[in-house]
Amino acid sequence: MLDACAELLDETGYEALSTTRIAERAGVAIGSVYQFFPDKRAITQEVARRNVEEFVRRVGHRFLEEDHRGWWEAVDAIIDEYVDMHRTVAGFKSLHFGDAVDLNMLDSDSDNNTVIAGRLRGLFLKEFGLADSPELDLAVLVAVEAGDAVLKLAFRRDPEGAPEIIDGAKQLIRGFLSRQLKSWSPPS
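The structure reproduced in this document is the subject of the present report. All chains use their own residue numbering, which begins from 1 and follows the written sequence. Side-chain atom pairs in this predicted model are given and counted only at pLDDT of 80 or more, local residue features only at pLDDT of at least 70, and totals for whole chains, interfaces and linings cover all residues. To get the side-chain values, take all heavy atoms of the structure and skip hydrogens and water.

Here we look at the environment of Glu-73
Here's step 1: Counting through the fold element by element, Glu-73 comes out in helix α5 (residues 71–88).
Here's step 2: Between buried and exposed lies partly exposed: a residue is buried under 20% and exposed over 50% of the maximum accessible area for its type, with that area taken using a 1.4 Å probe on protein chains only. Residue class for Glu-73 comes out partly exposed when judged on its relative accessible area of 22%.
Here's step 3: Contact between two residues is taken to exist if any of their heavy atoms lie within 4.5 Å; hydrogens are not considered. The residues contacting Glu-73, other than those within four sequence positions of it, are Asp-67 and His-68. Only runs of H or I of at least four residues qualify as helices and only runs of E of at least two qualify as strands under DSSP, and these elements are numbered from the N terminus.

If you want it as structure tokens, here you go:
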């Protein structure tokens, strides 16, 4: 059902999505949909949660498999995963992390980018030994918000993501974080 919802989101968008269409695409009775989800918003929320979990899993896997000299190389890996998911994961280009439908889709108390920033902050703390602080929280949140906006622009300009804008997002985020996290900045 989640896969069917994701495919339909990419094909028709959220407004045209219905539980009936999801059931038809999934090849299940409408009652099966309602057994697990009360409405299309609930199914869409679950697709967005799945996107976040997949994104964090992919980024974490890259952190384990690749040797990043520092957080600045990890920023590129994070952006590369976002771009790849936008290109290859059904429903991602329509939802990203749920913001296309509801800014508080992932957590009723925090907006979606704050949730994403928290997850990425945790990876940075674990992988690069950055000191936990309110400054780090703010820096990662601003980087996520800026990156999200610029990457959306890249995909508005080109369905595959305008390479020059994706590169600009990487430069913007690295530059911002370098200034905010002076003690952890890349070598000159």
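The structure having been displayed, the exposition proceeds.
A short note on the packing of α5 against helix α8 (residues 134–157)
Here's step 1: It is the contact of α5 with α8, at a shortest axis distance of 12 Å, that shows an interaxial angle of 40 degrees. Classed by the angle they form, the pair α5 and α8 counts as oblique. Once α5 is placed against α8, the crossing between them reads as right-handed. Of the residues in α8, those touching α5 at Ile-79, Tyr-82, Val-83, His-86 and Arg-87 are Asp-148, Leu-151, Lys-152 and Phe-155.
Here's step 2: Of the residues assigned to the contact of α5 with α8, the class counts are 5 nonpolar, 1 polar and 3 charged. Every axis in this analysis is a line fitted to C-alpha atoms, fitted for helices over the stretch in contact. Angles between the N-to-C directions lie between 0 and 180 degrees. Every angle not falling under 35 degrees, over 145, or within 65 to 115 is termed oblique; those three ranges are roughly parallel, roughly antiparallel and roughly perpendicular. Crossing handedness follows the turn of the near helix against the far one: under a right angle anticlockwise gives a left-handed crossing, and clockwise gives a right-handed one. Side-chain classes are defined by residue name, with Ala, Val, Leu, Ile, Met, Phe, Trp, Tyr, Cys and Pro counting as nonpolar, Asp, Glu, Lys and Arg as charged, and the others, Gly among them, as polar.

Focus: the nonpolar core
Here's step 1: In this structure, Phe-55, Leu-120, Phe-124 and Leu-177 are the most contacted members of the largest nonpolar core, which totals 38 residues.
Here's step 2: Every element with two or more residues in this core is listed here: α4 (40–65), α5, α7 (112–128), α8 and α9 (163–180).
Here's step 3: The residues touching Phe-124, leaving out its near neighbours within four places in the chain, are Trp-71, Ala-74, Val-75, Ile-78, Gly-129, Leu-130 and Val-140.
Here's step 4: For this analysis, a nonpolar core means a set of buried residues of the types Ala, Val, Leu, Ile, Met, Phe, Trp, Tyr and Cys, connected via side-chain atoms within 4.5 Å. Among the nonpolar cores identified, the runner-up in size contains 16 residues, and Ala-4, Ile-22, Val-33 and Leu-95 belong to it.

Looking at the environment of Thr-44
Here's step 1: Residue position: Thr-44 is located in helix α4.
Here's step 2: Residues Thr-44 and Leu-9, 35 residues apart in the sequence, show an inter-C-alpha distance of 8.7 Å.
Here's step 3: Polar contact criterion, stated in full: a pair of N or O atoms within 3.5 Å, where within protein one must be able to donate a hydrogen and the other to accept it, and residues adjacent in sequence count only if both atoms are side-chain atoms. Of note is the side chain of Thr-44, whose polar atom sits 2.8 Å from the backbone oxygen of Lys-40.

Remarks on the layout of surface pockets
Here's step 1: Definitions used for this entry: grid spacing 1 Å over protein atoms alone; cavity, a set of points where a 1.4 Å probe fits but cannot get out; pocket, an open set with protein on both sides within 12 Å along at least 5 of 7 lines; lining residue, one with an atom within 4 Å of a point. Grid points are joined across faces, edges and corners, and a volume is the space filled by probe spheres set on the points. Put simply, the largest pocket is a space of about 150 Å³.
Here's step 2: If you go around the largest pocket, you meet 12 residues; those closest to its centre are His-86, Arg-87, Lys-93, Phe-155 and Pro-159.
Here's step 3: Every element with two or more residues in the lining of the largest pocket is listed here: α5 and α8.
Here's step 4: A class-by-class count of the residues in the lining of the largest pocket yields 4 nonpolar, 3 polar and 5 charged.

Focus on the side chain of Thr-19
Here's step 1: With respect to the helices and strands, the residue Thr-19 is situated in helix α2 (residues 19–26).
Here's step 2: Contacts of Thr-19, omitting those with residues within four sequence positions, involve Ile-30, Val-33, Tyr-34, Asp-39, Lys-40 and Ile-43.

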